[in-house]
Amino acid sequence: ASFPMSEVEKHKSKDSLWIVVNGKVLDITKWLHKHPGGKSVLLKAGGKDASLDFTIQGHTPGAWKAMERYVIGTLQTGDAGPAQRSAL
């Protein structure tokens, strides 16, 4: 599936939490309570492009691989921009 950023932006609560990482749309709702860094950091990134945040946090190769299980689709081409980037 391919999603516009406007759809991703609707999912920013503990009941439905989506983020974008490197053009992939992830539904991380079920990961929220398991995240080693806590829920608040994920809730702040919810509904946004968290690519930069995910990269600069120094996630391990295992975290990158684990992220794949939450991918639900891709971001529609040309739909992401600096305004949508998360600011954690």
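Check the entry above for the structure.
Values in this document were obtained by computation on a predicted structure and should not be read as measured data.

(A) Summary view of the overall build of the protein. Counting secondary structure elements, the protein contains 4 helices and 5 strands. Put simply, the protein runs from its N terminus to its C terminus through helices and strands in the order β-α-β-β-β-α-α-α-β. The buried share of the protein, taken over its 88 residues, is 34%. At a minimum sequence separation of 6, the contacts of the protein that also span at least 24 residues come to 72%.

(B) Summary view of unusual backbone geometry. Within the chain, Asn 22 stands out as a residue other than glycine whose phi angle is a positive 50 degrees. With respect to the secondary-structure elements, Asn 22 resides in the loop between strand S3 (16–21) and strand S4 (24–27).

(C) Representation of the packing of aromatic side chains in the model. Tallying each qualifying case throughout the model produces 3 aromatic pairs. Measuring from centroid to centroid gives 5.0 Å for Phe 3 and Trp 18, while their planes differ by 65 degrees, and the two rings are edge-to-face. On the criterion of sequence distance, the pair formed by Phe 3 in strand S1 (residues 2–3) and Trp 18 in strand S3 is long-range, its members being 15 residues apart. Note on accessibility: Phe 3 and Trp 18 belong to one class, buried. Ring geometry for Phe 54 and Trp 64: centres 4.5 Å apart, planes at 80 degrees, overall edge-to-face. Of this pair, Phe 54 sits in helix H3 (residues 51–56) while Trp 64 sits in helix H4 (residues 61–67), placing them 10 residues apart in sequence. You can call Phe 54 buried: its relative accessible area is 14%.

(D) Fine view of the pairing of strand S5 (residues 71–75). As paired strands, S1 and S5 are joined by 2 bridges and run parallel to one another. Counterpart to Phe 3 in the pairing with S5 is Leu 75. Sheet topology note: the S4/S5 ladder contains 3 bridges and is antiparallel. Bridged to Lys 24 within S5 is Thr 74.

(E) A look at the environment of Glu 7. When you line up the elements, Glu 7 lands in helix H1 (residues 5–8). Judged by relative accessible area, which is 24%, Glu 7 ranks as partly exposed. Along the primary structure Glu 7 and Trp 18 are separated by 11 residues, whereas in three dimensions their C-alpha atoms are 9.4 Å apart. For Glu 7, the side chain forms a polar contact with the side chain of His 11, separated by 3.0 Å.

Rules used in this analysis
- Residues numbered from 1 in each chain as written.
- Predicted model: local features only at pLDDT ≥ 70, side-chain atom pairs only at ≥ 80, totals over all residues.
- Heavy atoms only, no water.
- Helix = DSSP H or I, 4+ residues; strand = E, 2+ residues; numbered from the N terminus.
- Buried < 20%, exposed > 50% of the residue type's maximum accessible area, 1.4 Å probe, protein only.
- Contact = heavy atoms within 4.5 Å.
- Phe/Tyr/Trp six-rings, centres within 6.5 Å; stacked < 30°, edge-to-face > 60°.
- Pairing = 2+ DSSP bridges.
- Polar contact = N/O pair within 3.5 Å; in protein donor to acceptor, adjacent residues only side chain to side chain.

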